[in-house]
Amino acid sequence: METVLKTQALSKSFGRIKAVRDLNLEVPEGAVFGILGPNGSGKSTTLSMLMGILRPDSGEFSWFGQPGSPEQRRQIGTLLEQPNFYPYLSARQNLKIACLIKECSEQRIEPVLAQVGLLDRADSAFKTFSTGMKQRLAIASALLADPRVLVLDEPTNGLDPQGIAEVRELILQIAERGKTILLASHILDEVEKVCTHVAVIKKGHLLAQGSVMDILSNQHQVEMQAAEPDALERALAALPHAGERRRQGDMIVMMVTGEPDGEAINRYLFQQGIVLRHLRIHKKRLEESFLEITAKA
Amino acid sequence: MMRLLKIEWNKVYSYRAFRILVGIYLVSFIALPYTMEGIPFLRNWQQLFEFPIIWFSYYFGAEFLSLALAILVITLTTNEYSNRTFRQHVIDGMSRRELFAGKMLLMGAMALLLSVIFAINGYIAGTLNAFIPEPELTWTKAGYIPGFTMHTLGIMAFSFFVANLLRRSGLAIFAFLAWIFPIELIIRGVLVGVVKDGGMISSRLPIHVIYSSNVQTKDIFSDVAMLDINALIPNGLGWENLAWKAIWIAVFSGLSYWMILRRDL
């Protein structure tokens, strides 16, 4: 699989603040790659360097195996932080300028406006748009040149729940067509719902990188409750292949690598004389992995 | 080149402030050689509005109007920063060199177009004002036409530099006006009073060079001028002034290019 983006020891400081430190990323083609980190972790700074608007202090990056250039950026659809358009121009006029810059056909304007549901407002001035409409126009602009790669920085920022769902749906639709998507977000739920790969960064450091499955370690959590939690815990300790356990009140949460067999666990405990009054198996959430990873940093 | 001009044109032609400012400027600019005669203290100098001195008079009046062009350039440039559209253009695949070249082309095209209007309008006004037609005199002082082109480019290059430096329209317009009126005048005063050869240095300062009509106004309105104003006014701005204008245009354009190229957007 071709590597779409590779960064090597990318660093950027603003005065004494080191926003990004020696960042090494590798984004495979066709991935929906999430850059996950709390606010101020260096996500936007990283994307700004990759898109040529901030100059790295050191390190380098390559798109499609070549150093960054304006010609390459025309093949990348980008939405960074907030939509930037001329407020007095209509959606159509703004996209016309983007077309001239990207050297793509103006016939693309109508289809992308239709794709983001803005065709009926094509001739309204940008300044009359709501936050969600502005965001959708920015996505339309990113899609203009039918790019191989989409770079989206907090694409659901400021949107209402319906807008968030629409944008996520749009991202998934685009990903289905084989496009590579680089998505920076601090919303774990968003990354978990749409991404195939993830890089976790904090204070400019890369803490973890890999497929979402790898980051989650394919772990499941088994929640159990019984009348006698101590007896339950003792029984679980003797269970073959039992993972790490922790107590939450009178509930015991056990980590299991791979797909746990609820029926087998239940039968085993019953044989040990323990009757469960609660048994729930769920996949380990990215939120838990994220908190574990960032807590170690 | 046409692509960059097309991009710039698409940005400005629907911009109301651009239309209003350019409209007011053009009306004043075209009316100028016909209306200056109406200024009471100029009424006695009929010669000023006949060939060939009209080229000088028109140039002299147009210098004041070019303040509107400076404000226009500052507004258009600082808008790119406040709307974050310069940033977006780079993201979309424009090089920083193209950001600079687009604005320079727009300014160059405006300066060229205005120079053509200057030449045609000056010719019409001079013909209408001619007391006795003297065709051999029509173009003798036409050196003020390229002079006007260089003046326009100079004032736009300076305002483009200030706009790129400060990035905020209010601040840039204030700094521009402050430099034109008190600051450069103070520097000139200090240079003349304190430094040896200060007079020579002070006459090379940018606004003095850009706003140089090469003629002392007091000479024109002296009694001697009544007798031989034609001899008092040179045929153009002179090579030295044009060369200094070119130097300042290069300096301000170069600095703007450097800022666009090197700074974070």
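Residues numbered from 1 in each chain as written. Chains lettered and ligands numbered in written order. Predicted model: local features only at pLDDT ≥ 70, side-chain atom pairs only at ≥ 80, totals over all residues.

**Digging into the pairing of strand β11 (residues 205-211) of chain A**
The side chains of a regular strand alternate, first on one face of the sheet and then on the other.
Residue and element names in this part refer to chain A.
Here is step 1: With six bridges joining them, strand β10 (residues 197-202) and β11 adopt antiparallel strand pairing. Opposite V198, over in β11, you have G210 as the bridge partner.
Here is step 2: Counting the residues that bridge the hairpin from β10 to β11 gives two residues, and of these K203 lies at a positive phi of roughly 50°. (Pairing = 2+ DSSP bridges. Helix = DSSP H or I, 4+ residues; strand = E, 2+ residues; numbered from the N terminus.)

**As for the nonpolar core**
Soluble, globular proteins show a tendency: their nonpolar side chains are buried together.
Here is step 1: Counting 80 residues, the largest nonpolar core has A140, I181 and L183 of chain A as its most contacted members.
Here is step 2: Leaving out residues up to four positions away in the same chain, L183 of chain A has contacts with V32, F33, G34, L152, P155, V194 and C195 of chain A.
Here is step 3: Ranked by size, the runner-up nonpolar core spans 48 residues in total, among them I53, V73, F161 and A172 of chain B. (Core = buried A, V, L, I, M, F, W, Y, C linked by C-beta atoms within 7 Å. Buried ≥ 20, exposed ≤ 12 C-beta atoms within 10 Å, placed from the backbone. Contact = placed C-beta atoms within 7 Å.)

**Description of the packing of helix α2 (residues 16-35) of chain B against helix α3 (residues 54-82) of chain B**
Residue and element names in this part refer to chain B.
Here is step 1: Orientation of α2 relative to α3, taken along the N-to-C sense of each, is 175°, at an axis distance of 9 Å. Compared by their axis directions, α2 and α3 come out roughly antiparallel. Where α2 approaches α3, its residues A17, F18, L21, V22, I24, Y25, S28, F29, L32 and P33 are matched on the opposing element by I54, Y58, G61, A62, L65, A68, L69, I71, L72 and T75.
Here is step 2: In the contact of α2 with α3, the residues fall into 17 nonpolar, three polar and no charged. (Axes fitted to C-alpha atoms, helices over the stretch in contact; angles between N-to-C directions. Parallel < 35°, antiparallel > 145°, perpendicular 65-115°, else oblique. Nonpolar A, V, L, I, M, F, W, Y, C, P; charged D, E, K, R; others polar.)

**Digging into the sheet that holds strand β7 (residues 76-79) of chain A**
All names here are of chain A.
Here is step 1: Across the sheet, six strands lie side by side as β7-β8-β9-β4-β10-β11; this open sheet has mixed pairing. Of all the strands in the sheet, the pair left with one neighbour each is β7 and β11. Averaged over all neighbouring strand pairs, the angle between strand axes comes to 10°, with direction disregarded.
Here is step 2: Note: strand β4 (residues 32-36) against strand β9 (residues 180-185), five bridges, orientation parallel. Counterpart to F33 in the pairing with β9 is L182.
Here is step 3: The strands touched by helix α5 (residues 131-143) within the sheet are β7 and β8 (149-153), with β7 carrying the most contacts at an inclination of about 165°.

**Notes on the confidence of the model for chain B**
Here is step 1: For chain B, per-residue confidence averages 89 on the pLDDT scale, and residues scoring 70 or more make up 91% of the total.
Here is step 2: Taking the mean pLDDT of every element in chain B, the minimum, 67, falls on helix α10 (residues 217-220) of chain B and the maximum, 97, on helix α6 (residues 144-166) of chain B. (pLDDT = per-residue confidence, 0-100.)

**Digging into the interface of chain A and chain B**
Here is step 1: With 23 residues of chain A at the contact, the number on the chain B side is 22 residues.
Here is step 2: Breaking the side of chain A that touches chain B down by element, the ones donating at least two residues are α2 (70-73) and α3 (91-102) of chain A.
Here is step 3: Counting residues per element, the side of chain A that touches chain B draws most heavily on α3 of chain A, at seven residues.
Here is step 4: Taken together, the residues of the side of chain A that touches chain B sort by class into 13 nonpolar, four polar and six charged.

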